[in-house]
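Chain by chain, the residues:
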Amino acid sequence: MEYVRNLEGMARNNMKKNTEVEDTYEKYMDRQEDLLNNPLYEKMSNEEIRSLFEANEERMKASLLVNEDETCGLLFDPIVFGQLYEMFGFLRKHFKSPLSIMLIV
């Protein structure tokens, strides 16, 4: 999984500079993986670790709302689309452009 994300990131970096939402997405995924796999977090209670996951998700949601066009560009990647699918209900409430709405319906 990490290897695939690294390859995707390298391919995007070679083609163009990452947008802010793409950078946030990469940090979001790295943090998710860290929270799931780092032994440091095994000692934490469910409530403590849940709050870290929620904070990570809130950062990602906030970034998705900054620029609707950049977010749509990010979501055209099928892997990203699948990984952020759970956030589509949230995005539907905030996006206004027809393309955005069609993408996340």
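Residues numbered from 1 in each chain as written. Predicted model: local features only at pLDDT ≥ 70, side-chain atom pairs only at ≥ 80, totals over all residues. Heavy atoms only, no water.

Caption draft 1: Examining helix H3 (residues 46–66) more closely. Between its first and last C-alpha, H3 extends 31 Å over 21 residues, near the 30 Å set by a 1.5 Å rise per residue. Buried within H3 are the following residues: Ile-49, Asn-56, Met-60, Lys-61, Ser-63 and Leu-64. Looking straight down H3, one finds its buried side chains confined to an arc of 165 degrees; they lie on one side. Projecting away from the buried face of H3 at angles above 90 degrees are the exposed residues Glu-47 and Val-66. (Helix = DSSP H or I, 4+ residues; strand = E, 2+ residues; numbered from the N terminus. Expected span 1.5 Å × (residues − 1). Buried < 20%, exposed > 50% of the residue type's maximum accessible area, 1.4 Å probe, protein only. Arc of directions from axis to C-beta.)

Caption draft 2: View of helix H4 (residues 68–75). The complete set of buried residues in H4 reads Thr-71, Cys-72, Leu-74 and Leu-75. On an axial view of H4, the arc spanned by its buried residues comes to 160 degrees, and they lie on one face.

Caption draft 3: Quick peek at the packing of aromatic side chains. A complete count under the given rule lists three aromatic pairs for this structure. Measuring from ring centre to ring centre gives 6.2 Å for Phe-81 and Tyr-85, while their planes differ by 50 degrees; the resulting arrangement is tilted. On the basis of relative accessible area, Phe-81 is assigned to the partly exposed category, the value being 27%. Residues Phe-81 and Phe-88 carry aromatic rings whose centres are separated by 4.9 Å and whose planes lie at 80 degrees to one another, so their mutual orientation is edge-to-face. (Phe/Tyr/Trp six-rings, centres within 6.5 Å; stacked < 30°, edge-to-face > 60°.)

Caption draft 4: Up close: the side chain of Gln-32. Structurally, Gln-32 is set in helix H2 (residues 20–37). For Gln-32, the side chain forms a polar contact with the side chain of Asn-56, separated by 2.9 Å. Apart from the residues lying within four places of it in its own chain, the contact partners of Gln-32 are Phe-53 and Asn-56. (Polar contact = N/O pair within 3.5 Å; in protein donor to acceptor, adjacent residues only side chain to side chain. Contact = heavy atoms within 4.5 Å.)

Caption draft 5: Structural view of the packing of H2 against H3. Between H2 and H3, the least distance of the axes is 9 Å, while the angle of their chain directions is 170 degrees. It follows from the interaxial angle that H2 and H3 lie roughly antiparallel. Residues Glu-20, Val-21, Thr-24, Tyr-25, Tyr-28, Arg-31, Gln-32, Leu-35 and Leu-36 of H2 form the contact with H3, whose participating residues are Ile-49, Leu-52, Phe-53, Asn-56, Glu-57, Arg-59, Met-60, Ser-63 and Leu-64. Taken together, the residues of the contact of H2 with H3 sort by class into ten nonpolar, four polar and four charged. (Axes fitted to C-alpha atoms, helices over the stretch in contact; angles between N-to-C directions. Parallel < 35°, antiparallel > 145°, perpendicular 65-115°, else oblique. Nonpolar A, V, L, I, M, F, W, Y, C, P; charged D, E, K, R; others polar.)

Caption draft 6: Structural detail: the nonpolar core. One finds Tyr-25, Met-60, Leu-64, Leu-74 and Leu-84 to be the most contacted residues of the largest nonpolar core, which totals 14 residues. Elements represented by at least two residues in this core include exactly H2, H3, H4 and helix H6 (88–94). Of the residues forming this core, the biggest block, four residues, is contributed by H2. In contact with Met-60, other than residues within four places in its own chain, are Val-21, Thr-24, Tyr-25, Tyr-28, Leu-84 and Met-87. (Core = buried A, V, L, I, M, F, W, Y, C linked by side-chain atoms within 4.5 Å.)

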